Amino acid sequence: VIDRLYAENNEIAIGDEMHLDDKLFTVSGVVAFSDYSALFKNNTDMMFNASTFTVACVTDAAFNRLTDAHIKYTYAWVNDDRSLSDAAASDKGDELKDILAKSGLLTDFVKTGNNQAIIFTGDDIGGDQVMVITMLYIVMAILAFIFGVTTRNTIEREAGTIGTLRASGYSRLELFRQYITTPVLITLAGAIIGNILGYTVFKYIIVDMYYGSYSLLSYTTHWNADAFVRTTIVPILLMLAITSITLYRKLKLSPLQFIRKDLKKGKQTKSLRLPNIGFIHRFRIRIILQNAGSYVTLFFGILLSSVLLLFGLLLSPLLSQVSDMAVQAMPAKYEYMLKSEVKTKNKEAEALAVSSFKTHSNGYLPESVSVYGISQNSRYFKENFPKEGVYISSGYSEKYQLSVGDTVTIKKPYTSILYELEVAGIHEAPTSIDIYMSKDYYCDLFDEEDDYYNAYLSNVPLDDLAPDKIYSTITQADITKMSDQLMVSMGGIFHLVNIFAIALF
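This text gives an overview of the structure that appears in the document. (Residues numbered from 1 in each chain as written. Predicted model: local features only at pLDDT ≥ 70, side-chain atom pairs only at ≥ 80, totals over all residues. Heavy atoms only, no water.)

### Regarding the pairing of strand E6 (residues 350–359)
E6 sits mainly inside the fold: seven of its ten residues count as buried. Pairing analysis gives three bridges linking E6 to strand E12 (residues 455–458), with the strands arranged antiparallel. Considered in E12, the bridge of glutamate 350 is made with leucine 457. Note that E6 and strand E7 (residues 368–374) share six bridges and pair antiparallel. Across the sheet, the residue bridging to alanine 353 is glycine 373, located in E7. Looking at chain direction, E6 and strand E9 (residues 407–411) are connected through two bridges and run antiparallel. Following the sheet pairing, lysine 358 is matched in E9 by lysine 411. (Buried < 20%, exposed > 50% of the residue type's maximum accessible area, 1.4 Å probe, protein only. Helix = DSSP H or I, 4+ residues; strand = E, 2+ residues; numbered from the N terminus. Pairing = 2+ DSSP bridges.)

So this is what it looks like as structure tokens:
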């Protein structure tokens, strides 16, 4: 059995045959593994790939047909002691890692919280939720605008009728009930139809979008109270509030004002004296001033609709530009992350030290930051790094509003150890959150040997490196693969936004 998404992407059906390790197998089913919801071949890959990588499951007898060349034995340590803090549980996991490392056979060690195949899908869906809720607030603002304009236009159109009814003895409350009934009924009808469509037709659009990106298990539809409040209760209350306030203010006018269609409150203001700039120019300005409210209303309506449309149109060019910028910011065409120190005879290779930390800044959620230790006179970095102090990427600088002379604080994962580093310069890398320092400062700061390294930079492939010594290889193709996958993952929802925005216009 193979992953369902891989089978769909490669048009493999149940009953087809596949070669594994030069052995012929029959595909007898498709599955979704709970620890492989995102198909990352390596945990350090920048993006999953459900087109060229899959996971498979076979019987014991079928497994014995495979050679032992690529077998890897995996141990799982589970923390059943819920009284332990995250740091304490991490320490116990590190003890196990140290025991296995002494055997000399440990090739990898991944904590569940760092396992991209497990956590990426949930994190991505959570990020999409924030984006959609932001769009929802924009839609609510547009609805408020529509309710206000509609109510005002209704009163202006029927001002004569309202004045006649008021003069005939009808009370303000009776007219209020009359003119609020229709928008309430229409809004309720829209809410009912919207909920029905949301749990039927539109649901399948979103389901297809996520099932086309991730290896998800079968789902069951449940009524969602939070969604009901956000998409149904809030718009209804918004309509009631805006319509009620507008009606209440207008119905305070006298019947005579309604009959005369003089719906402005207060004394009539004097006309603004305009300079002598020619009749046509003064006429145009006078028209604008007399209808300023309508023009302001029109302006905000177009503004909100434009924001929503741009929200949907920005995805493709944004991802394309970010991909180009990321490729241009790469220090070399190939970045090799090593499991252990290994020599290469290729003179294009330049050794460096790399480690991953977490940002630690008030007002910001922690995120991964790569810390590089660069050799002096590097051919791939033009900066002359100081003995103490660091350079940060321009993306780091812009996002966290940091400049030369400021201090950045980073945290070692799963510990309480903090490092405060002074910013000595900015390295042009707008799409990444990175820190760069001299290799000597790196080894001194993180207590490593002076000749320590765990990565190579090169503009040519390093073919003499043993594959089992390489943790991951980052190339330009890996950078662009991320934007390509995001287009597949998120493209569908932005098409929906565009259609809605055009209809709204």
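### Description of a negative patch on the surface
Together, Glu341, Glu388, Asp440, Asp444, Asp447, Glu448, Glu449, Asp450 and Asp451 make up a negatively charged patch on the protein surface. Counting through the fold element by element, aspartate 440 comes out in helix H14 (residues 439–445). (Patch = residues over 30% accessible without salt bridge, like charges linked within 9 Å, V, L, I, M, F, W, Y side chains within 5 Å. Areas by Shrake-Rupley, 256 points an atom, 1.4 Å probe, with all protein chains shown as cover. Salt bridge = Lys/Arg side-chain N within 4 Å of Asp/Glu carboxyl O. Lys, Arg positive; Asp, Glu negative; His and termini not counted. Charge placed at Lys NZ, Arg CZ, Asp CG, Glu CD.)

### Topic: the nonpolar core
Ranked by size, the top nonpolar core spans 23 residues in total, and within it Ala38, Phe48, Phe120, Tyr214, Leu308, Phe311 and Phe494 carry the most contacts. Going through the elements one at a time, helix H4 (116–157), helix H7 (201–211), helix H11 (292–313), helix H12 (315–329) and helix H15 (476–504) are the ones with two or more residues in this core. Of all the elements, H4 adds the most residues to this core, at six residues. Dropping the residues within four chain positions of it, alanine 38 is found in contact with Phe48, Gln116, Ala117, Phe120, Thr121 and Tyr214. Grouped together as the second largest cluster of nonpolar side chains are 22 residues, Ala353, Leu421, Val423 and Tyr442 included. (Core = buried A, V, L, I, M, F, W, Y, C linked by side-chain atoms within 4.5 Å. Contact = heavy atoms within 4.5 Å.)

### Let's talk about the packing of helix H6 (residues 172–198) against helix H8 (residues 225–251)
Between H6 and H8, whose axes approach to 10 Å, the crossing angle comes to 160°. The angle between H6 and H8 falls in the class roughly antiparallel. Here H6 runs over H8; the crossing is right-handed. Residues Arg172, Leu175, Phe176, Tyr179, Ile180, Pro183, Val184, Thr187, Leu188, Ala191 and Asn195 of H6 pack against Phe228, Thr232, Ile236, Met239, Leu240, Thr243, Ser244, Leu247 and Leu251 of H8. Per-class residue counts for the contact of H6 with H8 are 14 nonpolar, five polar and one charged. (Axes fitted to C-alpha atoms, helices over the stretch in contact; angles between N-to-C directions. Parallel < 35°, antiparallel > 145°, perpendicular 65-115°, else oblique. Left-handed = near helix turned anticlockwise from the far one by under 90°. Nonpolar A, V, L, I, M, F, W, Y, C, P; charged D, E, K, R; others polar.)

### Notes on the packing of aromatic side chains
Considering all chains together, one arrives at 23 aromatic pairs under this definition. With a centroid separation of 6.4 Å and 20° between ring planes, the pair formed by tyrosine 210 and tyrosine 214 is classed as stacked. The same class applies to tyrosine 210 and to tyrosine 214, which are both buried. When the centroid spacing of 5.5 Å and the interplanar angle of 20° are considered together, the rings of tyrosine 372 and tyrosine 436 count as stacked. Note that tyrosine 372 is positioned in strand E7 and tyrosine 436 in strand E11 (residues 434–438), a separation of 64 residues in sequence. Comparing tyrosine 372 with tyrosine 436 shows no difference in burial state: the two are buried. Ring pairs connect the aromatic residues Phe40, Phe48, Phe120, Tyr210 and Tyr214, which therefore count as one cluster. Geometry around phenylalanine 25 places arginine 65 over its ring, the cationic atom sitting 4.7 Å from the centre. (Phe/Tyr/Trp six-rings, centres within 6.5 Å; stacked < 30°, edge-to-face > 60°. Lys NZ or Arg CZ within 6 Å of the ring centre and 35° of its normal.)

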